[in-house]
2 protein chains.
Amino acid sequence: MTANADQGMNPYTGDPVGSPVLHTSAAEVDRLCAAATSAAPELAGMPLTDRAGLLRSIAAALEAERDAIVALGDAETGLGATRLSSELVRTRVQLEMFASVVDDGGFLDAVIDLPDPAALPAPRPDLRRMLVPLGPVAVFAASNFPLAFSVAGGDTASAFAAGCPVVVKAHPSHPGLSALTGRIVRAALDAAGAPAGTFAVVHGEAAGRTLVRHPAITAVGFTGSLAGGRALFDLASSRPDPIPFYGELGSLNPAVVTPGAVAARGPQVVTGFVGSYTLGTGQFCTKPGLLFLPAGHGLEPLLADAVSSAAVGPMLNSRIRDGYQRGSSGLATVPGVREIVAVSPATAAEGNGFAAAPSLVAVSAADLRANPEPLLEECFGPTAVVVEYGSADELVETLDALPGSLTATLHADPDSEAPLVRRLLDRFAQGAGRIVWDGWPTGVAVTAAMHHGGPWPATTAPLHTSVGVSAIRRFIRPVVYQNVPDALLPEALQAANPLGIPRQVNDPNAG
Amino acid sequence: MTANADQGMNPYTGDPVGSPVLHTSAAEVDRLCAAATSAAPELAGMPLTDRAGLLRSIAAALEAERDAIVALGDAETGLGATRLSSELVRTRVQLEMFASVVDDGGFLDAVIDLPDPAALPAPRPDLRRMLVPLGPVAVFAASNFPLAFSVAGGDTASAFAAGCPVVVKAHPSHPGLSALTGRIVRAALDAAGAPAGTFAVVHGEAAGRTLVRHPAITAVGFTGSLAGGRALFDLASSRPDPIPFYGELGSLNPAVVTPGAVAARGPQVVTGFVGSYTLGTGQFCTKPGLLFLPAGHGLEPLLADAVSSAAVGPMLNSRIRDGYQRGSSGLATVPGVREIVAVSPATAAEGNGFAAAPSLVAVSAADLRANPEPLLEECFGPTAVVVEYGSADELVETLDALPGSLTATLHADPDSEAPLVRRLLDRFAQGAGRIVWDGWPTGVAVTAAMHHGGPWPATTAPLHTSVGVSAIRRFIRPVVYQNVPDALLPEALQAANPLGIPRQVNDPNAG
């Protein structure tokens, strides 16, 4: 990689893929942001059916280039054709889901208060509120989902659905795929009649920082590391005009196994846990990084076997692989930590590309509380920490010491352990965005009820999700019209409801 | 005022009111925050009907102390018994409105996705989402609404409705009223069975800063100045764990009058405008600070007469009065600005308390664009700037130069000027939270459709409102339950819907 370009590297071999992709200059970022500003009112003003058409046009265009996308994606990420093919389906489904959301119009959250001369403390005028697009949005693509959380991923889809132009900062780990996806998206938007400036992709860290500080940008979507996300959050928050920064950073995703679950199905828990934390070489934001087991669980031999026989996969890039090797080795040096399966330095040898073998350590709950660093920091990759607790009280005390997470998982016996289960579910609801029962957190459904978020450091914005229908809410803000004549109102708020959208109408003379 | 206490002062006379109220020590803030943390799960777990009861109990208790509240409030703020009595009604109505919101349960935004084995790219589990309280909330009271935006105001009411304990930072301008209101609220909460620690009031700037940085606090509501709000926003954003900061800061609230409106009803526009910007001695966040008139409007004599004969009222405190005198005088020194009615230095003389007389200046749109500072900074108090524009294009160009506002107002002829009107309404929707037609922005209805917010610097959080039903959304975040057995789910998500709340249920086998 040169200093002013991103070079894709093949994780299977460590060899370059294609040509370097040049970083975007500050002047070019400025030009693209100006174009996005120009596009914003026109995009916002398109009929909703046309806006939905843009999303469907992108979905179809990606599907049409499936083979090229999967091949280049695998070459740059090593995630495998099966996974990438499935991720492409997800990416398409996300775009189509948001097209349906736009068609439905309920996302506009239209509320009409008819006048009320009897209201206290003063008569109420005619008030009609709807949500409108924020303006140009910056999207930072993730390394670990090169399609579904990247150039044409959920942030981009939800921002378009909201009616916002998007400038994507590509991830340096898959620059060729980012450029390819960008070309496909732009062509699809052009074909569907989107205004010029609706979409652009930029490359390079400096371009990303310029983007976050640019006056044209009204919000940022980000998926990535705690350190990188915090730095950009601080940039966004310290602007002369601070803007919302929706960052998904790091998450430990604790999973708790009660004595009842160990007794009833200890071996299945082991299989599920190891499968989940080593899936995709441990490169999921929902990886269960902490497994709470009752002391004396007797599952250590099964855990050691399962981890030792888990697949050795390539990691996304050398920096991530090195970080995993370093972080995983570091865990083993913490007082009280014992290695169940040590990280293999040999895997990271010449000729293996960016391969990494899974590892696993164990620690008592007391030692975890005594040494929160680095045990309570996310280690990206196929490693996890087994935490052995003595009593229910000690378990809850230790959970209280955890930072916020995207998910929290519980394996328990709902009948014999009901009081403990209730206590744990209540605790989970305070610290996590999704509570998983008798399963594993990897795998995030893209639906209306999904919430992919959580308290800091899981995200920078605990009210919001980056997955599912509600993700659109990050990019729309309310505007209320007071006593505006019907013919001058946006169609969404006119008396006859010409768009036929769901609305709440409050009539003081009704009921 | 001593260094470690707030002393209420009578704006009519400049004399002290009652005894100084001591500032709260850091240790005491810490103790109150710990109590709020303890209260949080218990408050969150109260049945919704009981939570609604807390709000109604506070409303009734305030009403029962009406005479004492209005008398002390007038002595400390000079806002007058009529206004304060009306503000107390509003405060009560807000509490009762949120009680109804809690009773209804729709604010929980419960969404249920039933399992879908056919979903792409993977089968969908059972997912049930609802909103849960964030945790303890800090509320910074405003100087200019000592009841409705203060100790028991909208921020506090919406946070309680969300299920969050509240620690209020009292405004130093009405410390006695803050303490009185605080006692009334605490007693009402105790009587209604709220957990200890649900509510507290602290005094002093240092206590406020401690509060914003305190690990127990999960969000901040603020109404006040741009400088003070920005400083606290920066504190909240620079925490090790940043938290949402909902600040309503400063707003110019432009009002545009077209040639058609001048011709049709120029004198009424003058009367309405002067009445609105001098209302309450110009101490409203929705004060129309900029009036756009077509060059050659011919209304200057009427404006001068109306301003000169407007009431001279006391301002809230000496600091605000001095800031008004200084800021208003400063406007007159900007190149191109002419005084229609100069600010009267004599009004601020001995014996007048904190009285201030209204003033008004005028400037061409070109000079405004050339000298944005201080013309485009809010000057709190009874002053405004008339901006004279040449053409529709120049008008829009000048509006493009304005910062975000809470409101934007239009006086026009909807028939003969329809294209201009549409252009202006579209422009307003990009920069303001509320668009007022043929009226004035002072006076904010507390309803479902109301939006009291806007882009920076009107607020720090353009997605949110501090007035109306939606204000509750600032203090609740989503949690989704995946495959959790029905009996272990929160009642709001159980299959039988025992709470009888509105829910969205998505059944893949239906329809």
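Residues numbered from 1 in each chain as written. Chains lettered and ligands numbered in written order. Predicted model: local features only at pLDDT ≥ 70, side-chain atom pairs only at ≥ 80, totals over all residues. Heavy atoms only, no water.

Novice: Explain empty space enclosed by the protein to me, please; I cannot follow it from the model alone.
Specialist: Think of a ball as big as a water molecule: rolled over the atoms, this probe shows where empty space is left. Counted under the stated rule, the structure contains 6 cavities of 30 Å³ or more. Quantified by volume, the largest cavity comes out at close to 400 Å³. Around the largest cavity, the lining comprises 24 residues; the ones closest to its centre are Pro244, Phe245, Thr460 and Ala461 of chain A together with Pro244 of chain B. Those elements that place two or more of their residues in the lining of the largest cavity are helix 8 (226–237) and strand 9 (245–248) of chain A together with helix 8 (226–237) and strand 9 (245–248) of chain B. Residues belonging to the lining of the largest cavity are distributed by class as follows: 18 nonpolar, 6 polar and no charged. (1 Å grid on protein atoms, 1.4 Å probe; cavity = no way out; pocket = protein on both sides within 12 Å on 5 of 7 lines; lining within 4 Å. Points joined across faces, edges and corners; volume = space filled by probe spheres on them. Helix = DSSP H or I, 4+ residues; strand = E, 2+ residues; numbered from the N terminus. Nonpolar A, V, L, I, M, F, W, Y, C, P; charged D, E, K, R; others polar.)

Novice: Can you help me understand the sheet that holds strand 5 (residues 137–140) of chain B in this one?
Specialist: All names here are of chain B. The sheet built from 5 strands is open, its strands ordered 7-6-5-8-9 with parallel pairing. Looking at strand neighbours, the two that pair on one side only are strand 7 (199–202) and strand 9, the edges of this open sheet. Each neighbouring strand pair of the sheet contributes to a mean axis angle of 15 degrees, computed without reference to strand direction. Summarising the sheet, strand 5 and strand 8 (residues 219–223) pair through 4 bridges and their orientation is parallel. (Pairing = 2+ DSSP bridges. Axes fitted to C-alpha atoms, helices over the stretch in contact; angles between N-to-C directions.)

Novice: Help me understand the sheet that holds strand 4 (residues 127–133) of chain B in this model?
Specialist: Two orientations exist for strands paired in a sheet by backbone hydrogen bonds: parallel and antiparallel. Taking strand neighbours across the sheet as the criterion, the 11 strands line up as 13(A)-15(A)-16(A)-11(A)-10(A)-17(A)-18(A)-19(B)-4(B)-3(B)-20(B) in an open arrangement whose pairing is mixed. The open sheet has two edge strands with one neighbour each: strand 13 (338–341) of chain A together with strand 20 (503–506) of chain B. Strand-to-strand twist across the sheet, computed as the mean angle between neighbouring axes with direction ignored, equals 20 degrees. When strand 15 (residues 360–364) of chain A meets strand 16 (residues 385–389) of chain A, the two strands line up parallel, connected through 4 bridges. Within strand 16 of chain A, the position partnered with Val361 of chain A by the bridge is Val385 of chain A.

Novice: What is the right way to read unusual backbone geometry from this model?
Specialist: In this chain, Glu373 of chain A is followed by Pro374 of chain A through a cis amide linkage whose omega measures 0 degrees. If you trace the backbone, Pro374 of chain A turns up in helix 13 (residues 372–375). A cis amide bond links Trp456 of chain A with the next residue in sequence, Pro457 of chain A, at an omega value of 5 degrees. Tracing the backbone shows Pro457 of chain A in the loop between strand 18 (432–437) and strand 19 (476–482). We note that Asp109 of chain B has phi near 50 degrees; this positive angle belongs to a residue other than glycine. By the secondary structure assignment, Asp109 of chain B is in the loop between helix 4 (81–104) and strand 3 (110–113). Here Asn497 of chain B, not a glycine, exhibits a phi torsion of approximately 50 degrees, which is positive. Here Asn497 of chain B shows up in the loop between strand 19 (476–482) and strand 20. Its relative accessible area of 19% is what places Asn497 of chain B among the buried residues. (Buried < 20%, exposed > 50% of the residue type's maximum accessible area, 1.4 Å probe, protein only.)

Novice: Before we go on, may I ask you to explain the packing of aromatic side chains in this structure?
Specialist: Any two aromatic rings considered together are summarised by their centre-to-centre distance and by the angle between their planes. All names here are of chain B. Under the definition given, this model contains 18 aromatic pairs over all chains. On the numbers, 5.0 Å between centres and 55 degrees between planes, the contact of Phe145 with Phe149 is tilted. Using a relative accessible area of 8% as the deciding quantity, one classes Phe149 as buried. Geometrically, the ring pair formed by Tyr246 and Phe475 is edge-to-face, given 5.7 Å between the ring centres and 85 degrees between the ring planes. Of the two residues, Tyr246 sits in strand 9 while Phe475 sits in the loop between strand 18 (432–437) and strand 19, which places them 229 residues apart along the sequence. In this structure, Tyr246 and Phe475 share a single accessibility class: buried. (Phe/Tyr/Trp six-rings, centres within 6.5 Å; stacked < 30°, edge-to-face > 60°.)

Novice: Would you mind going over the side chain of His297 of chain B with me for this structure?
Specialist: Residue and element names in this part refer to chain B. Structurally, the position occupied by His297 is in the loop between strand 11 (290–294) and helix 10 (300–308). In terms of polar contacts, His297 uses its side chain to reach the backbone amide nitrogen of Leu299, at 2.9 Å. The contacts of His297, once residues within four sequence positions are left out, are Val262, Val386 and Glu388. (Polar contact = N/O pair within 3.5 Å; in protein donor to acceptor, adjacent residues only side chain to side chain. Contact = heavy atoms within 4.5 Å.)

Novice: What is the right way to read the packing of helix 1 (residues 26–45) of chain A against helix 7 (residues 205–213) of chain A from this model?
Specialist: Each pair of packed helices can be summarised by the angle the axes make with each other and by the distance between the axes. Residues and elements named next belong to chain A. With their axes 9 Å apart at the nearest point, helix 1 and helix 7 run at an angle of 40 degrees to one another. Classified by the interaxial angle, the pair formed by helix 1 and helix 7 is oblique. Read as a crossing pair, helix 1 and helix 7 show a hand that is right-handed. Facing helix 1, whose interface residues are Ala26, Val29 and Cys33, helix 7 presents Ala207, Thr210 and Leu211. Looking at side-chain class alone, the contact of helix 1 with helix 7 contains 5 nonpolar, 1 polar and no charged residues. (Parallel < 35°, antiparallel > 145°, perpendicular 65-115°, else oblique. Left-handed = near helix turned anticlockwise from the far one by under 90°.)

Novice: Hey, could you run me through the interface of chain A and chain B in this one?
Specialist: A common way to express how large an interface is: the accessible area buried when the components associate. Facing the 70 residues of chain A at the interface are 70 residues of chain B. Where chain A abuts chain B, roughly 5400 Å² becomes buried across the two surfaces, and 61% of that area is made up of carbon and sulfur atoms. Broken down residue by residue, the surface that chain A buries against chain B is led by Leu463, Arg477 and Leu488 of chain A, which jointly contribute 12%. Seen at the junction of chain A and chain B, the total is 2 salt bridges. Across the pair Asp109 of chain B and Arg473 of chain A runs a salt bridge whose closest N-O atoms are separated by 3.0 Å. For the pair chain A and chain B, the interface holds 39 residue pairs in polar contact (both at pLDDT 80 or more). For the side of chain A that touches chain B, the elements supplying multiple residues, two or more each, are helix 4 (81–104), strand 3 (110–113), strand 4 (127–133), helix 8, helix 15 (418–431), strand 18, strand 19 and strand 20 (503–506) of chain A. It is strand 19 of chain A that provides the largest number of residues to the side of chain A that touches chain B, a total of 7 residues. Looking at the side of chain A that touches chain B residue by residue, the class counts come to 41 nonpolar, 14 polar and 15 charged. Where strand 18 of chain A lies against strand 19 of chain B, 3 bridges are found, and the strand directions are parallel. (Buried area = accessible area lost by both parts, 1.4 Å probe. Salt bridge = Lys/Arg side-chain N within 4 Å of Asp/Glu carboxyl O.)

Novice: I keep staring at the relation of the copies chain A and chain B and nothing clicks. Help me out?
Specialist: What relates the pair of chain copies is a rotation about an axis plus a shift along that axis. Expressed as a screw operation, the relation of chain A to chain B combines 0.0 Å of axial shift with a rotation of 180 degrees, fitting to an RMSD of 0.0 Å. Overall, the copies show the geometry of a two-fold rotation axis. When C-alpha distances to the rotation axis are compared across chain A, the minimum falls at Ser237 of chain A, with a value of 3.3 Å. Looking at chain A, 99% of its interface residues are interface residues in chain B too, so the copies touch through the same face. (Least-squares fit on C-alpha atoms with pLDDT ≥ 70 in both.)

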